[in-house]
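A look at the structure
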Amino acid sequence: MTTWMPSSATGTGAPAQRVPAEQTHASTAVEDDGGPLPVLDVVIPVYNEENDLAPCVRRLHAHLRDSFPYPFQLTIADNASTDGTLGIALALAEELPGVRTVHLDAKGRGRALHTAWAMSPAPVLAYMDVDLSTDLAALLPLVAPLISGHSDLAIGTRLARTSRVVRGPRREVISRCYNLILRGTLAARFSDAQCGFKAIRADAAAALLPLVEDTGWFFDTELLVLAERTGMRIHEVPVDWIDDPDSRVDVLNTAIADLKGVVRLLRALGTGALPLVELRREFGRGPLTTAAGAGATTGGADGSGGAATGGVQVPGVPRGLPGQLIRFAVIGVASTLAYLVLFVLLRTATGAQAANLLALLITAVANTAANRRLTFGLTGAAQAGRHHLQGLVVFAIGLGLTSGSLAALHTGSGHPGRGLEVTVLVLANLLSTVIRFLLLRAWVFRARPAAPGAP
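Everything numeric in this text was worked out from a predicted model, so none of it was measured. (Residues numbered from 1 in each chain as written. Predicted model: local features only at pLDDT ≥ 70, side-chain atom pairs only at ≥ 80, totals over all residues. Heavy atoms only, no water.)

Moving on to the overall build of the protein. Each helix and strand counted, the protein has 13 helices and ten strands in total. For the protein, restricting intrachain contacts to residue pairs at least 6 apart in sequence, the fraction spanning at least 24 positions comes to 74%. (Helix = DSSP H or I, 4+ residues; strand = E, 2+ residues; numbered from the N terminus. Contact = heavy atoms within 4.5 Å.)

What follows is the structure, encoded as C-alpha cells:
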C-alpha cells in the first residue's frame, strides 16, 4: 500500500500529470490552483527517523526557499517506520508549503525513490539522505545541468580530489573498494555510486525505473550502470561530506546485497535481457562533430571514425585520425620499451646488428597485431596474412633505418658505448615510427573497395 499525503498549501493530493522535460520554468507550468508546478522534487527516504526528520526537513526547506531560484517540492518517503516518523512527516506537510509525504508499507530505499519519483510532477527529481551529510551548497550545482538539459543524471562524489570528507577509515575503505569492484566488473566510469545525493531528469527516470529491479541500497548503482550503458550523460559534483555517526545502515548486509546485485546485473547485461539498444537510440549521445547541426559520423572497420570509435571530426584532419594517433602512440611507446629491453638482453649474447634484428622483428609482429586490432579496428582472420606480410615490409624499412644508424655509428666511433648505441636507436626508431604510421594507415590497413556483388 502506498499513500500520497499532500501539504495543505500545495493542492489536493491527487497525483499530478508529469510535466514534459523541457517545461522547467514556473511560467510554463502551473497547478490547478494557479500555483507553479515544482521544477525540482527532492525526496527524503526515511525509516524510523523521528529524532532527525523535523530539523533536517526544516533546514533543507529554508535553504531551498532562500537560495533555490525555481519552484520546488520536498517529498518525505516513509519506509514503513514503526516509530513516530510518519506523524512527524504529516505535521511537516501541514506546516511547510511544498512539503508532501508518501507512506509505504514495505521497507527499501530503492522502493521509496521509485515510488516517489514516479508520482512526482517535477521535471527534475533528486534525493538526499535525511542526515543531510552533504553540504547543501552543492544542491544547485547538482541539478543545474539537468534543468538546462545538459545532463541526464547528476551525482555527488566524495572521491573527487576537491571533495572534503569526514568519515571513519572503515567506511572510506569499503566505499573505495566497492567503486573499484564496479569499475572492474561492470566497467563503471562514475566515481561514487553510494553517495546519498543524486538527481535525474524525469524523462530519463521514466525510461530507466521500469528496468531497475533492486528495491534497496543497490538501487543507485543499478540506475547509474543502466544510464551509463544507454549513453546518458552523468554529471559529477564534488561535495563536502560529514558522515553521520548514527547511521542505520548495516554495512555488512548492505555489502553482501550489493555484491549479489553486481552478479545479477552482470548476468542481465551478458544475456541481453535489457533493452539498452532502444534506450541508447533515444538517449545516447553520438560522436562529436564540428559541423553545426551535423549528425553522428559513421565509419567502418578501417577506423575512419564513426559511432563505433567515438572519433572527433576536426577540420582539415582525416576523419578518425586523432583517435588513431593516440592509440598508435600508446602502442608505439609500449613497443619501443619492449624493443629496448629485448635489445639490451640480446646484446649480452650476440652482436649489435643481430640483437637489433631479433628485437625489432619480435616487436614488429606484435606491433602490427596490436595496431590491426586496437588502432584500426580490424578483427578476425580475413586478410590477416596480407596485413602481416605488408607489416614485415614496413618492418624492413624500420630495420634499414636502425641498422643503417648503427652501422654509421660504429663506422664513425669505432667502439661506441652501450648508452650511445641506445640513444641512436631511439632517434632512429622515432623516425621509423612516423614512417610506420603513415604506411599502416595509407597502405597496410587502408580501406579497399568491395568486390563487385559484395555487400
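Still to come is the rest of the account.
Summed over all chains, the structure comprises three cavities of 30 Å³ or more. Space inside the largest cavity adds up to approximately 230 Å³. Residue lining of the largest cavity: 17 residues in total, with Leu360, Asn367, Asn429, Ser432 and Arg436 positioned closest to the centre. Elements with a contribution of two residues or more to the lining of the largest cavity: helix H10 (321-347), helix H11 (352-375), helix H12 (384-413) and helix H13 (418-444). Looking at the lining of the largest cavity, the element that brings in the most residues is H10, giving five residues. Its residues placed into classes, the lining of the largest cavity shows seven nonpolar, nine polar and one charged. (1 Å grid on protein atoms, 1.4 Å probe; cavity = no way out; pocket = protein on both sides within 12 Å on 5 of 7 lines; lining within 4 Å. Points joined across faces, edges and corners; volume = space filled by probe spheres on them. Nonpolar A, V, L, I, M, F, W, Y, C, P; charged D, E, K, R; others polar.)

This next bit is on the nonpolar core. Within the largest apolar cluster, 44 residues are counted, with the highest numbers of intra-cluster contacts made by Trp117, Ile200 and Leu223. Take this core: its biggest share by element is six residues, from helix H7 (residues 219-229). If you look at the next biggest cluster of nonpolar residues, it comprises 39 residues, including Val46, Leu64, Leu96 and Ile147. (Core = buried A, V, L, I, M, F, W, Y, C linked by side-chain atoms within 4.5 Å. Buried < 20%, exposed > 50% of the residue type's maximum accessible area, 1.4 Å probe, protein only.)

With that settled, consider helix H1 (residues 53-67). Taking 1.5 Å per residue, 15 residues should reach 21 Å; H1 reaches 21 Å between its end C-alpha atoms and fits that length. Where H1 is buried, its residues touch strand S2 (40-46), strand S3 (72-79), helix H2 (85-95), strand S4 (99-104), strand S5 (124-128) and helix H4 (139-148). (Expected span 1.5 Å × (residues − 1).)

Let us now look at the pairing of S2. With respect to burial, S2 is a largely interior element, seven of its seven residues being buried. Residues of S2 alternate between two faces, with Leu40, Val42, Ile44 and Val46 on one and Asp41, Val43 and Pro45 on the opposite face, all of them buried. Considered for its hand, the β-α-β crossover made up of S2, H1 and S3 is right-handed. The pairing of S2 with S5 spans four bridges and is parallel. If you follow Asp41 over to S5, its bridge partner there is Leu125. (Right-handed = clockwise from strand over helix to strand, strands pointing away. Pairing = 2+ DSSP bridges.)

On the surface, a nonpolar cluster with roughly 320 Å² of combined accessible area is contributed by Leu361, Val365, Leu389 and Leu392. For the nonpolar patch, the secondary-structure elements that each account for two or more residues are H11 and H12. Mapped onto the elements, Leu392 comes out in helix H12. Residue classification places Leu392 among the partly exposed residues on the basis of a relative accessible area of 36%. (Patch = residues over 30% accessible without salt bridge, like charges linked within 9 Å, V, L, I, M, F, W, Y side chains within 5 Å. Areas by Shrake-Rupley, 256 points an atom, 1.4 Å probe, with all protein chains shown as cover. Salt bridge = Lys/Arg side-chain N within 4 Å of Asp/Glu carboxyl O.)

Looking now at the pairing of strand S8 (residues 197-201). For S8, the tally of buried residues reaches five of five residues, placing the bulk of the element in the interior. Residues Phe197, Ala199 and Arg201 of S8 are buried on one face, and the alternating residues Lys198 and Ile200, pointing to the opposite face, are buried as well. By the bridge criterion, five bridges tie S5 to S8 in an arrangement that is antiparallel. Opposite Tyr127, over in S8, you have Lys198 as the bridge partner. Bridging between strand S6 (residues 153-157) and S8 involves three bridges; their strand directions are antiparallel. Residue pairing for S8: Ala154 is matched across the bridge by Ala199.

In this section: the packing of aromatic side chains. For any pair of aromatic rings, geometry is given as the distance between the ring centres together with the angle between the planes. Under the definition given, this model contains five aromatic pairs. Judged by centre distance (6.4 Å) and plane angle (55°), the rings of Trp117 and Tyr127 are tilted. A residue pair is termed long-range when its members are at least 10 positions apart, and Trp117 in helix H3 (residues 109-119) and Tyr127 in strand S5 qualify at ten residues. Across this residue pair, the class does not change: Trp117 and Tyr127 are buried. A cation over an aromatic ring shows up here: Lys107 above the ring of Tyr47, its NZ or CZ 4.2 Å from the ring centre. (Phe/Tyr/Trp six-rings, centres within 6.5 Å; stacked < 30°, edge-to-face > 60°. Lys NZ or Arg CZ within 6 Å of the ring centre and 35° of its normal.)

Right, let's get into the packing of H11 against H12. Where H11 contacts H12, the axes come no closer than 9 Å and their chain directions differ by 145°. As for the relative orientation of H11 and H12, their crossing is right-handed in sense. Classifying every residue of the contact of H11 with H12 by side-chain character gives 13 nonpolar, ten polar and one charged. (Axes fitted to C-alpha atoms, helices over the stretch in contact; angles between N-to-C directions. Left-handed = near helix turned anticlockwise from the far one by under 90°.)

Averaged over the protein, the pLDDT score is 80; the fraction of residues at 70 or greater is 81%. When pLDDT is averaged over each helix and strand of the protein, the minimum, 54, is found for strand S1 (residues 2-5) and the maximum, 97, for S5. Per-residue pLDDT stays below 50 along residues 290-312; that stretch engages in 45 contacts with residues further than four places along the chain or on separate chains. Segment residues 450-455: pLDDT under 50, and one contact once partners within four positions in sequence are set aside and those in other chains are kept. (pLDDT = per-residue confidence, 0-100.)

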